[in-house]
Amino acid sequence: MTSVQGPVRPRKLLGAELRRLREDAGLTLEDLAEVLMISKSKLSRLETAQGNPTPRDVKDLIRYFKLEGSVKAEQFMRWTRAASKKEWWHSYLPAIRGGLDLHVAMEAEAAVIRVYTIPVLPVLLQVPAYTRALYERMEPWHSQEELERLLEVRAKRRHALEYRDGMEKLKLVAVTHESSIRQLVGSAAIMRDQLNHLIERSSLSNVELRVLPFGTTPPFTSTCMWAYFEFDDSEGDVVHVETHAGFGSIETVEQVASYRAHHDELMQSSLDPDETRRLIESIRDTAFVG
């Protein structure tokens with residue numbers, strides 16, 4: 001699969017609009033590909049946001065659907081130009097792989113990310129020493145050079161909670177299982193620093209952290225880690241489910257809506273933010289002393 005080097009949303013929005021135009025005209029991919037003299041696979045990739053759209057192909061489609069000079073045509077071209085922009089993570093390819101490139105791209109464009117994690121803490125709330133300790137346990141999968149680059153990627157991703165050029169700060173709504181705040185990662189000293197960081201960061205206006213406690217019956221979807229990407233235009237939200245093999249995307253409207261409901265259930269089953277901070281303080285002061 002082609003690496004994701006820039007924004008994903010413009011490609012997805014463009015692809016969805018082009019697919020609607022084709023379907024409204026009663027055309028199959030084969031019909032349109034034959035008329036435009038391009039391959040069916042290329043047209044399919046354009047509609048499914050695989051790879052970057054080229055200005056020439058988009059202009060041909062604008063011309064075919066008689067949209068020249070329209071507001072929609074200009075929007076198509078803006079999306080096309082935006083899709084070709086290379087973002088900061090481009091320089092870290094191919095160190096980020098297994099779908100992480102797409103995950104980072106979505107994260108950079110989302111207005112809100114709703115996550116659930118077990119048995120490790122949410123990525124955007126990890127301190128560098130905690131992240132390093134996790135990555136070092138992955139050897140020999142990562143070379144030292146790769147590890148340093150991945151740590152740089154993590155640092156840049158965390159920055160989105162403080163500032164994003166031309167966008168509002170990222171809003172993070174996170175539920176993490178109680179096991180993640182009790183799990184020893186690195187050392188007791190690292191965990192104390194990490195739990196102090198959680199207490200501090202969870203007080204930010206754009207961060208909401210809740211712990212799903214051991215005493216609660218596990219809701220559905222609480223057995224794996226996943227993230228729900230929510231965008232300003234409220235269209236095309238995406239869910240990424242994370243496994244040891246990488247990320248899997250869920251994009252169908254019905255499934256995405258079900259995950260939004262699942263996250264609401266997780267929130268309701270979890271401690272509220274103040275109770276969460278009190279639990280973290282208690283674990284910090286009893287489990288990770290010395």
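For the structure, check the block above.
All of these numbers come straight from a predicted model, not from anything done at the bench. (Residues numbered from 1 in each chain as written. Predicted model: local features only at pLDDT ≥ 70, side-chain atom pairs only at ≥ 80, totals over all residues. Heavy atoms only, no water.)

1. A look at helix 4 (residues 55–64)
It helps to recall that an α-helix has 3.6 residues per turn; residues three or four apart then point in one direction.
For step 1, the next point in the chain: Of all the residues in helix 4, the buried ones are D57, V58, L61 and I62. Buried residues of helix 4 fall within an arc of 140° about the axis and therefore sit on the same side.
For step 2, the next point in the chain: Lining the buried residues of helix 4 we find helix 1 (9–24), helix 2 (29–36), helix 3 (40–47) and helix 5 (71–83).
For step 3, the next point in the chain: K66 sits one or two residues past helix 4 and shows a positive phi near 55°. (Buried < 20%, exposed > 50% of the residue type's maximum accessible area, 1.4 Å probe, protein only. Helix = DSSP H or I, 4+ residues; strand = E, 2+ residues; numbered from the N terminus. Arc of directions from axis to C-beta. Contact = heavy atoms within 4.5 Å.)

2. Looking at the side chain of T131
For step 1, the next point in the chain: Structurally, T131 can be placed in helix 7 (residues 128–136).
For step 2, the next point in the chain: Residue classification places T131 among the buried positions, given a relative accessible area of 1%.
For step 3, the next point in the chain: Within the local environment of T131, its side chain forms a polar contact with the side chain of Q126, the two groups lying 2.8 Å apart.
For step 4, the next point in the chain: Those residues in contact with T131, other than ones at most four positions away along the chain, are Q126, L151, R154 and R158. (Polar contact = N/O pair within 3.5 Å; in protein donor to acceptor, adjacent residues only side chain to side chain.)

3. Overview of the pairing of strand 4 (residues 225–230)
For step 1, the next point in the chain: Summarising burial for strand 4: five of the six residues are buried, a large majority.
For step 2, the next point in the chain: In the sheet, strand 4 pairs with strand 5 (residues 238–243) via five bridges, with the strands oriented antiparallel. Note that in strand 5 the partner of F229 across the bridge is V238. (Pairing = 2+ DSSP bridges.)

4. Focus: the packing of aromatic side chains
For step 1, the next point in the chain: By the definition in use, this model includes five aromatic pairs.
For step 2, the next point in the chain: With a centroid separation of 6.1 Å and an interplanar angle of 25°, the aromatic rings of F76 and W79 are classed as stacked. Within this pair, F76 and its partner W79 are both found in helix 5, separated by three residues, close to a single helical turn.
For step 3, the next point in the chain: Given the relative accessible area of 1%, F76 is considered buried.
For step 4, the next point in the chain: Each ring, one from W88 and one from Y92, has its centre 6.1 Å from the other, and the planes form 80°; the classification is edge-to-face. (Phe/Tyr/Trp six-rings, centres within 6.5 Å; stacked < 30°, edge-to-face > 60°.)

5. Considerations on the side chain of R164
For step 1, the next point in the chain: With respect to the helices and strands, the residue R164 is situated in the loop between helix 8 (144–158) and strand 2 (171–177).
For step 2, the next point in the chain: No salt bridge is formed by the buried R164, whose closest oppositely charged neighbour, D232, lies at an N-O distance of 6.6 Å.
For step 3, the next point in the chain: Sequence-distant contacts of R164, defined by excluding residues within four places in its chain, comprise E107, A108, E109, A110, A111, K169 and L170. (Lys, Arg positive; Asp, Glu negative; His and termini not counted. Salt bridge = Lys/Arg side-chain N within 4 Å of Asp/Glu carboxyl O.)

6. Structural notes on the nonpolar core
For step 1, the next point in the chain: Counting 50 residues, the largest nonpolar core has Y130, I181, L195 and L198 as its most contacted members.
For step 2, the next point in the chain: L195 has contacts with I181, I280, I283, R284 and F288, leaving out every residue within four places of it along the chain.
For step 3, the next point in the chain: Among the nonpolar cores identified, the runner-up in size contains 20 residues, and A33, L36, L67 and W79 belong to it. (Core = buried A, V, L, I, M, F, W, Y, C linked by side-chain atoms within 4.5 Å.)

7. Regarding the sheet that holds strand 2
For step 1, the next point in the chain: Spatial strand order, 3-2-1-4-5-6: six strands in an open sheet with mixed pairing. Single-partner strands in this sheet number two, and they are strand 3 (207–212) and strand 6 (246–250). Mean inter-strand twist for the sheet, computed between neighbouring axes without regard to direction, equals 15°.
For step 2, the next point in the chain: Bridge analysis of strand 1 (residues 112–117) against strand 4 gives five bridges, and the strand direction is antiparallel. Counterpart to Y116 in the pairing with strand 4 is W226. (Axes fitted to C-alpha atoms, helices over the stretch in contact; angles between N-to-C directions.)

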